[in-house]
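Tertiary structure, described
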Amino acid sequence: MTIAQVIVDVPALGTDRVFDYGVPKKWEGIIRPGMRVAVPFGPRSIQGFVVDLKEDTDVEKLKDIKQPLDLAPVLNEELLNLGHWMAYETLSFKISVFHAMLPVAMKAKYEKIIRRTDNSAILLDDLFEGKQKISWKEAEKRNLLPALHKQIENGNAEVIYFVKDRARKKLKKAVRVNAGIEELEELLQTLPANAVNQIKLIQFLLNVSPDTIETSILVKEAEVPTAAINALIKKGVFSELLMEEYRDPYKHRDFERTEPLELTNDQREAMNPILQSINDDRHETFLLYGVTGSGKTEVYLQAIQEVIVQGKEAIVLVPEIALTPQMVERFKGRFGSDVAVLHSRLSIGEQYDEWRKVQRKEVKVVVGARSAVFAPFENLGIIIIDEEHESSYKQEETPRYHARDVAIKRGENHHCPVILGSATPSLESFARAQKGVYHLLCLSKRMNDRELPPVSVVDMREEMRTGNRSMFSTELFEKIKDRLDKGEQTVLFLNRRGHSTFIMCRDCGYVMQCPHCDISMTYHRSTNEMKCHYCGFQTTVPVECPECSSSHIRYFGMGTQKVEEELVKLIPEARVIRMDVDTTTRKGAHERILDHFQSGKADILLGTQMIAKGLDFPNITLVGVLSADTMLHLPDFRAAEKTFQLLTQVSGRAGRHELSGEVVVQTYTPEHYSIQLAALQDYQRFYNQEMTMRKIGSYPPYYYLALVTVTHDDLLQAVTVTEKISAFLQQNISKEAILLGPVASPIPKINDRYRYQCLIKYKREPNLLSSLRKVLEHYNKQTARDGFSVTIDINPYNMM
DNA sequence: AGCACGCCGACT
DNA sequence: GTCGGCGTGCTC
């Protein structure tokens, strides 16, 4: 008897292991590891993943698999092993990891129905309204459950559990030609002369002789009505079938084909070691450090070209917000239909279809956001992570994995190179490159030898002193007007959307806080409400101060909305277009805004994060950063690094082509090294300076981190448990490790739950993972009962 | 995570 | 005496 080992779809500690199931005779040889199956689990029926097959089992009350949910495995052997590894490293449940590796469409939905079994019981006619079955949801709504329960107990009705697969393929009609040439010619003779369309159709078949053809295409090309096709189906010339149709998000776009460009010396030098590694089938991690506009993408493209020539496949990861049509175009332009695109702005169906293209080996290249690192290729030749320093490569929910770590693991599995590309590498990666763990490749010159644009830092405190209280310094304002006169374009960057960040009473200093979270409420002008960005709590804008009843309530902090209003007031003739989460939620909005700006229909592009990347328009000659220090003062040891990276990125948007550009950076802390060195575009010095800071603070890359967060609705309880955990961990780590805590989380309360944490800094701690696992196991019992939640984040990016 | 089982108090 | 409240533990 074949036994399948199954990971069931129950994310809990007690079920995070394999369960054995019998494979029914009729599925033997069909059910294989990596397939999803429907299995009975207790009284219900749920989804599971077969991870292995074996011949016998010790389990006595063995149940059988109900049915497979896939025709072919959705996880290959490599991905299954990768899943086990990830679950171990990130302290996650295996089932959570498997779900993270697959498109959301493959996550099952469950449904229950109640069916009557005894048709003679007249009482049931009322309950079921004469029908045979009723859905659980409806029974619940109509409050029939108590009565139905009784009937279930009496054996007059039963509950049936369904596993519903959401992975629906879109199908289209097609026909297969069964008749050979002779048969067709024979038929042509016997058809009556008035069967014009059938004759036309057969002649078409004789000319083109297709094997299988989509019905709608046949109608168009043979110029016959469907009736003619139906007639031939009846005569047995065709048999009908359904073909899978891909929901192609780029269906209506033509991509202009591009040819490889001549490489610069720099690029060729960077290219050689990569090619070497590809040719030797050898895993190596490269850090491609290239200033903005130095042509990293062309290096990626040509490396991929080589990989494809060798019959292998490529994964390219790009940060979600940089995954613009412009970016996709570069890859589709070079590799055409060999490219699949995966990111969260696609619909669930589109994501599924793009993934299917990979599974069916119909593409060679995947360009996608974080989760594309799991693309089910079997013969990977290269993995590229562009903008490797981006924090969006770290997933902030379980499984809390970093795409960089996963990419390197897969690179090892496939003996292929991994390329990390950035103009501002993360300190972690650059440090590894310095140590020789990664192979450092440099592109130090911009393409077509354009100088990096000069950056001028404006001290906004000085502006204040001279009486300028607007959000634009005199220098920036003058320069914007100058560009307007010249018909050149300006990009204004502000890392904050919305209108004002908070409101404060000018008389007593009262700042409105969320009653459920320790965070100030944000003013939203469009709805004229105060909103909490953490729990979604909303309330009206106070007309007078709740503390001192003063009416001097003022709006502080600026968001993109407010800047837009100001701009329109100050320079009415300027055509401003705003780009942030609020204006890009609708599908395709992203693309429309950029097209609009590119075609010169706007003078000023005002936006957040998302305009910092990839934007490459020839007419941009001025970049303004309205407030460089918005993220500098966050309680985050990476604040300086993030500021430096962002400023460098934004600056890189100016003067990339014939026209030279310049950058104006407004700040209240012009003396800070991250702003100074970003203005000088001096990564190396920033790296040295910041490394010193990290060494002093015992932070990465000198130390690894593990963050344990405990939440509870009672403050004291949260503190007590965090103390116990800290004490336990203190005893189980070496002297070299540093344990901080318990301390309140940077946001001490979210959603009425208090948050306490303890942070472990360590260099080498082989037993840490198992100690942390013990913490989870021990407190999990309390977790459910007493309302605790304990989460562990290995190498966190977000300390909140 | 569900769901059943089982042990306690409040009621027809 | 029974209904139903939720704490406990299991699911191949």
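In this text the structure is predicted, and so the values were computed from the model without any measurement.

1. A closer look at the protein's contact with DNA strand B
In the region of DNA strand B, the neighbouring residues are V10, P11, A12, P43, R44, K112 and Y161. Counting only atoms of DNA strand B within 4 Å of the protein, the fraction found in sugar and phosphate groups is 59%. The contact in question runs from a base nitrogen of DNA strand B to an N or O atom on the side chain of R44, over 3.1 Å. Between DNA strand B and the protein, one listed contact pairs a phosphate oxygen with a side-chain N or O atom of K112 at 3.1 Å. Partitioned by chemical class, the residues of the surface near DNA strand B number five nonpolar, no polar and two charged.

2. A look at a positive patch on the surface
On the surface, a cluster of positive charge is made up of K107, K109, K137, K141 and R166. Of note, R166 is situated in the loop between β9 (157–164) and β10 (170–177). Here R166 falls in the partly exposed class, since its relative accessible area comes to 30%.

3. Quick look at the UniProt feature "binding site: Zn(2+) 1" (unreviewed entry) in chain A
Taking the UniProt record as the reference, the feature "binding site: Zn(2+) 1" (unreviewed entry) is found at C505, C508, C545 and C548. For the residues just named, distributed over 44 residues, the greatest C-alpha separation is only 8.6 Å, placing them together at one site. Mapped onto the secondary structure, C508 falls in the loop between β22 (502–505) and β23 (522–524). Apart from the residues within four sequence positions on either side, C508 is in contact with C545, E547 and C548. Position of C545 among the secondary structure elements: in the loop between β25 (538–540) and β26 (553–556). By relative accessible area, which is 1% here, C545 ends up buried. Other than its neighbours up to four places away in sequence, C545 contacts C505, C508, Y510, S550 and I553.

4. Overview of a negative patch on the surface
On the surface, E28, E55, D56, D58 and E60 cluster together into a patch of negative charge. Tracing the chain through its elements places E55 in the loop between β4 (44–54) and β5 (63–64). On the basis of relative accessible area, E55 is assigned to the exposed category, the value being 56%.

Conventions adopted
Residues numbered from 1 in each chain as written. Chains lettered and ligands numbered in written order. Predicted model: local features only at pLDDT ≥ 70, side-chain atom pairs only at ≥ 80, totals over all residues. Heavy atoms only, no water. Near = heavy atom within 4 Å. Polar contact = N/O pair within 3.5 Å; in protein donor to acceptor, adjacent residues only side chain to side chain. Nonpolar A, V, L, I, M, F, W, Y, C, P; charged D, E, K, R; others polar. Patch = residues over 30% accessible without salt bridge, like charges linked within 9 Å, V, L, I, M, F, W, Y side chains within 5 Å. Areas by Shrake-Rupley, 256 points an atom, 1.4 Å probe, with all protein chains shown as cover. Salt bridge = Lys/Arg side-chain N within 4 Å of Asp/Glu carboxyl O. Lys, Arg positive; Asp, Glu negative; His and termini not counted. Charge placed at Lys NZ, Arg CZ, Asp CG, Glu CD. Helix = DSSP H or I, 4+ residues; strand = E, 2+ residues; numbered from the N terminus. Buried < 20%, exposed > 50% of the residue type's maximum accessible area, 1.4 Å probe, protein only. UniProt positions renumbered as here; feature names shortened; annotations may be inferred. Contact = heavy atoms within 4.5 Å.

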